[in-house]
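A closer look at the structure
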Amino acid sequence: MTSAGGALTPASKPSNLNVPNVITIVRILLAPVFLIMLLVDNGQDGPLRWAAAALFIVAIATDGIDGHIARKYDLVTDLGKLLDPIADKVLTGAALVGLSILGELWWWVTIVILVREIGITVWRFLVLSDRVVPASRGGKLKTLFQSFAISFALVPLPNVLGDWMYWVNWVLMAIALVLTVVTGIDYIVQDQRLNRRPAQR
Ligand SMILES: O=P(O)(O)OC[C@H](O)CO
């Protein structure tokens, strides 16, 4: 691209191999480790269950950290924009599947969330040659609620605090489920609005 006065110096692009992207990749790699820890003892309340829950909470907490570092130090890359939501989905998807395998979460809830998450990811790749669709605010809020809901479901809190914690789990999971579906639809609606061709005469 050139300006009226001559050639513009192209802004230097951050390398894809930067700290935020490495954190994101580590988050993806932690997902199978977490799932094995959760399932290996049949999810029983014990050291492995608590360790799996702690690992999930630490791993999902890095979601905010990588994005923060990327923005603060100008390390935002298209790869990061694509990988970040995938890392969240791999981790939360592993947790949801694990909870359903253990019989602690209805499969239909897991399936509805997975269909939305995989659907939006596939759609992101399909439109990639044309545009990068980053995570929306709603998408980030959805991931936050999913993280809370899954964290509460993973930590055997009812055994510590009483059965009322089951209700807290279900309310959080219901909010996460609704946000997941609504934000999935919102991506498509907003994208249609932004990329609608001008009407032809
Ligand atoms: O709803 P998505 O697919 O944009 O995902 C949102 C990300 O997980 C936010 O970090």
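Per an unreviewed UniProt entry, the protein chain goes by the name CDP-diacylglycerol--glycerol-3-phosphate 3-phosphatidyltransferase and belongs to Cnuibacter physcomitrellae. According to UniProt, the comment filed for the protein chain under the heading Subcellular location (unreviewed entry) is "Membrane". The Sequence similarities (unreviewed entry) field of the UniProt record for the protein chain holds the comment "Belongs to the CDP-alcohol phosphatidyltransferase class-I family."

For helix 4 (residues 107-126), spanning 20 residues, the distance from its first C-alpha to its last is 28 Å, which sits close to the expected 28 Å at 1.5 Å a residue. The set of residues buried in helix 4 consists of V109, T110, I113, R116, E117, I120, T121, W123 and R124. Buried residues along helix 4 sit in contact with helix 3 (78-101), helix 5 (137-154) and helix 7 (164-195).

Moving on, we come to the packing of helix 2 (residues 47-72) against helix 3. For the pair helix 2 and helix 3, interaxial distance at closest approach is 10 Å and the crossing angle is 160°. One finds that helix 2 runs roughly antiparallel with respect to helix 3. Crossing of helix 2 over helix 3 shows left-handed handedness. Contacts between helix 2 and helix 3 involve R49, F56, A59, I60, D63 and D66 from the former and D84, D88, L91, T92, A95 and L99 from the latter. Per-class residue counts for the contact of helix 2 with helix 3 are six nonpolar, one polar and five charged.

Taking 1.5 Å of rise per residue, 32 residues should cover 46 Å, and helix 7 covers 47 Å from first to last C-alpha, within 8% of that figure. Of all the positions in helix 7, only M165, N169, L172, M173, A176, L177, L179, T180, T183, G184, Y187 and D191 are classed as buried. If you follow the buried residues of helix 7, they end up packed against helix 3, helix 4, helix 5 and helix 6 (157-161).

Each pair of packed helices gets described by two things: the angle between the helix axes and the distance between those axes. The N-to-C vectors of helix 4 and helix 7 enclose an angle of 25°; their axes lie 10 Å apart at closest approach. Here helix 7 runs roughly parallel to helix 4, going by the angle between their axes. Both helix 4 and helix 7 take part in a crossing whose hand is left-handed. Mapping the contact onto sequence places W108, V109, V112, I113, R116, E117, I120, W123 and R124 in helix 4 and M173, L177, T180, V181, T183, G184, Y187, I188 and D191 in helix 7. Tallied by class, residues from the contact of helix 4 with helix 7 come to eleven nonpolar, three polar and four charged.

What counts and what doesn't
- Residues numbered from 1 in each chain as written.
- Predicted model: local features only at pLDDT ≥ 70, side-chain atom pairs only at ≥ 80, totals over all residues.
- Heavy atoms only, no water.
- UniProt positions renumbered as here; feature names shortened; annotations may be inferred.
- Helix = DSSP H or I, 4+ residues; strand = E, 2+ residues; numbered from the N terminus.
- Expected span 1.5 Å × (residues − 1).
- Buried < 20%, exposed > 50% of the residue type's maximum accessible area, 1.4 Å probe, protein only.
- Contact = heavy atoms within 4.5 Å.
- Axes fitted to C-alpha atoms, helices over the stretch in contact; angles between N-to-C directions.
- Parallel < 35°, antiparallel > 145°, perpendicular 65-115°, else oblique.
- Left-handed = near helix turned anticlockwise from the far one by under 90°.
- Nonpolar A, V, L, I, M, F, W, Y, C, P; charged D, E, K, R; others polar.

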